Amino acid sequence: MRYHSTRSREFSVSSAEAIVRGIAPDGGLYMPEPFPTLDWQALLCAGAKETAAAIAHAFFPELADMRALVRSAYTGKFDTENWTPLREVGECYVLELFHGPTSAFKDIALSMLPWLLRRSRAQTGEEREILILTATSGDTGVAAMRGFADVPGMKICVFYPDGGVSAVQRAQMVTQEGANVRVAAVRGNFDDCQTGVKRIFAAAPALPGTVLSSANSINIGRLVPQITYYFQAYSELLARGAVQPGGEVNFAVPTGNFGDILAGYFAKRLGLPVGRLLCASNANRVNADFLATGVYDRRRTLRRTDSPSMDILVSSNLERLLYMASGGDCALVASLLASLAREGRYAVPPELKEAICADFWGDWCDDAQGAQTTGRVFRDNGYLLDPHTAVGWTAAARYREQTGDPRPMVVLATASPFKFPGAVLGAIGGGMAGDEWAQMERLSAISGLPIPANLARLREKAARFPGVIDIADLPRFVAAFGEGKAWPA
């Protein structure tokens, strides 16, 4: 299997090289050709580890002993035997993706990516140290630092928007242990961070003995492990009799950078009976507007919301969907992304919009609407939603009301409500007084749920990386870290 850029078939590499490099030299994202196939029905009787190994092997066939990699990645990492338990809540099912070491869905993929990178590095004969560069709107940075901490032969450098993540997310990043990790707040928003990181990749800075890679979902090694929980959710619904074999299931996915929902589309392309994929946006709504109009327009003010991991205006993984839905038209994708870079917008041809909307449906809600949903679900069902999951639930409720679609609906719960205690307390009438630690304790008392152990421990940990830098400083910050120097130098 070969991988090439979404923008050109000129840049063709092995799957191991695609994982190590993260992003193609032309700025495009790596895609496999041909798209993998597997016996998806056989996976419905398999456990999570077996499913994860089969899917990863289908995409990365040259990586040896995938089962051993999966065991190393996941054993002892999650606080439930089933990594992603499915809860029946009212008329929906909630797929809980927050039972890992950082209480967010990113743990599923970022427990696996370091092992995929280590194996890929060995199989490509790459002897240089790998420096992971990651922009985050919250949870990616937390999970990536946790996953790569003290991994031999690798360093990780994370950038997040100053004031643009929750207090708990910030605390998780600035207290992260590990000699090979570094993080900095950036004066700007997430898109500034993401653009700055992409420019560093494009500039190919001279860092002797170092190769750059990424832990964002632009890296195919980060995206593929997320496919697993769509299969696990379907398998669980089958076991409960909630769906008959071959019956389709809808998924509502709160998403900003489009990676989590794209994993669902990958699952569908592998044969899983996925119905509609509901793309749920917060007030920044750029993806929802695109699905409604066929025009992607980032020329708007980025709003900071109660769901900060979705505060994004440039949705990187949408590029992969454009590629797949257009039948692999690299020239079209390159043209659209060039227009986005040049003009801040692009419009897809009508036939491409129609093809995308056959599988996707978009909606959005603001903080007030999300809070209403959180309060209502807690009152009616005794279930706590975090602000991101509330966006997904709101989209699911509207979709069912507007379409009458009777297929089972699974809402992806992407983070623990304890990561956003103030917003959740405000939504359920618990009051928002005190710092985040007092808020977590009050939320636990009201809900009867324990505070996740990894979050409870944060209160006692000292900040290692309290600094804030300017966008212009990113290349120098990375160079200093790559050379083992302190910042500021």
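Up top is the structure.
Residues numbered from 1 in each chain as written. Predicted model: local features only at pLDDT ≥ 70, side-chain atom pairs only at ≥ 80, totals over all residues. Heavy atoms only, no water.

A. Representation of helix 9 (residues 190-203) within the structure. Helix length check: helix 9, at 14 residues, gives a terminal C-alpha distance of 20 Å against a target of 20 Å (1.5 Å per residue), a fit within 8%. Looking at the buried side of helix 9, the elements it contacts are helix 1 (15-21), strand 6 (129-135), strand 7 (154-161), strand 8 (181-186), strand 9 (210-214) and helix 22 (474-482). (Helix = DSSP H or I, 4+ residues; strand = E, 2+ residues; numbered from the N terminus. Expected span 1.5 Å × (residues − 1). Contact = heavy atoms within 4.5 Å.)

B. Seen up close, the packing of aromatic side chains. Tallied over the full model, the rule gives 18 aromatic pairs. Here Arg118 stacks its cationic end above the ring of Trp115, 5.0 Å away from the centre of that ring. Across from the ring centre of Phe35, 5.3 Å away, lies the NZ or CZ of Arg269, which sits over that ring. (Phe/Tyr/Trp six-rings, centres within 6.5 Å; stacked < 30°, edge-to-face > 60°. Lys NZ or Arg CZ within 6 Å of the ring centre and 35° of its normal.)

C. Up close: the nonpolar core. One finds Phe59 and Phe60 to be the most contacted residues of the largest nonpolar core, which totals 111 residues. With seven residues, helix 3 (residues 48-59) is the single largest residue contributor to this core. If sequence neighbours within four positions are ignored, Phe60 has contacts with Tyr3, Ser15, Ile19, Met66, Leu116, Ile220, Gly221 and Val224. The next biggest cluster of nonpolar side chains, apart from the first, holds 23 residues, and it includes Ile23, Cys193, Ile200 and Ile312. (Core = buried A, V, L, I, M, F, W, Y, C linked by side-chain atoms within 4.5 Å. Buried < 20%, exposed > 50% of the residue type's maximum accessible area, 1.4 Å probe, protein only.)

D. Summary view of the pattern of salt bridges. Overall, the coordinates contain 19 salt bridges when judged by the stated rule. Across the salt bridge formed by Glu129 and Lys155, the nearest N and O atoms sit 3.8 Å from each other. In this pair, Glu129 sits in strand 6 while Lys155 sits in strand 7, placing the two residues 26 residues apart along the sequence. The class of Glu129 is partly exposed, set by a relative accessible area of 25%. A salt bridge links Arg407 to Glu248; its shortest N-O distance comes to 2.4 Å. (Salt bridge = Lys/Arg side-chain N within 4 Å of Asp/Glu carboxyl O.)

E. Molecular detail of the side chain of Thr134. With respect to the helices and strands, the residue Thr134 is situated in strand 6. A polar contact of 3.4 Å, which involves the side chain of Thr134, links it to the backbone nitrogen of Ala215. The contact partners of Thr134, leaving out residues within four places of it in the chain, are Thr140, Ile156, Cys157, Val158, Phe159, Val197, Ala215 and Asn216. (Polar contact = N/O pair within 3.5 Å; in protein donor to acceptor, adjacent residues only side chain to side chain.)

F. Quick look at the sheet that holds strand 4 (residues 86-89). On the basis of which strands lie adjacent, the open sheet formed by six strands has the order 4-5-15-10-11-14 and mixed pairing. What marks the edges here is a single partner per strand, and that holds for strand 4 and strand 14 (360-364). Each adjacent strand pair in this sheet contributes to an overall mean axis angle of 25°, direction not counted. As judged from the four bridges shared by strand 4 and strand 5 (residues 92-96), these two strands associate in the antiparallel manner. Note that in strand 5 the partner of Glu88 across the bridge is Tyr93. The sheet strands contacting helix 13 (residues 286-293) are strand 11 (274-281) and strand 14, and the helix crosses strand 14 at an angle near 130°. (Pairing = 2+ DSSP bridges. Axes fitted to C-alpha atoms, helices over the stretch in contact; angles between N-to-C directions.)

G. Region of the structure containing the sheet that holds strand 9. Read from one edge of the open sheet, five strands run 9-6-7-8-16, paired in parallel fashion. Two strands bound the open sheet, and with one partner strand each, they are strand 9 and strand 16 (468-469). Across five bridges, strand 6 lies against strand 9 in parallel orientation. By the bridge assignment, Glu129 is partnered in strand 9 with Thr210. Strands in contact with helix 7 (residues 139-148) are strand 6, strand 7 and strand 8; relative to strand 7, the strand with the most contacts, it is inclined by about 165°. Set on the sheet, helix 8 (residues 167-174) makes contact with strand 7 and strand 8; between it and strand 7 the angle comes to about 155°.

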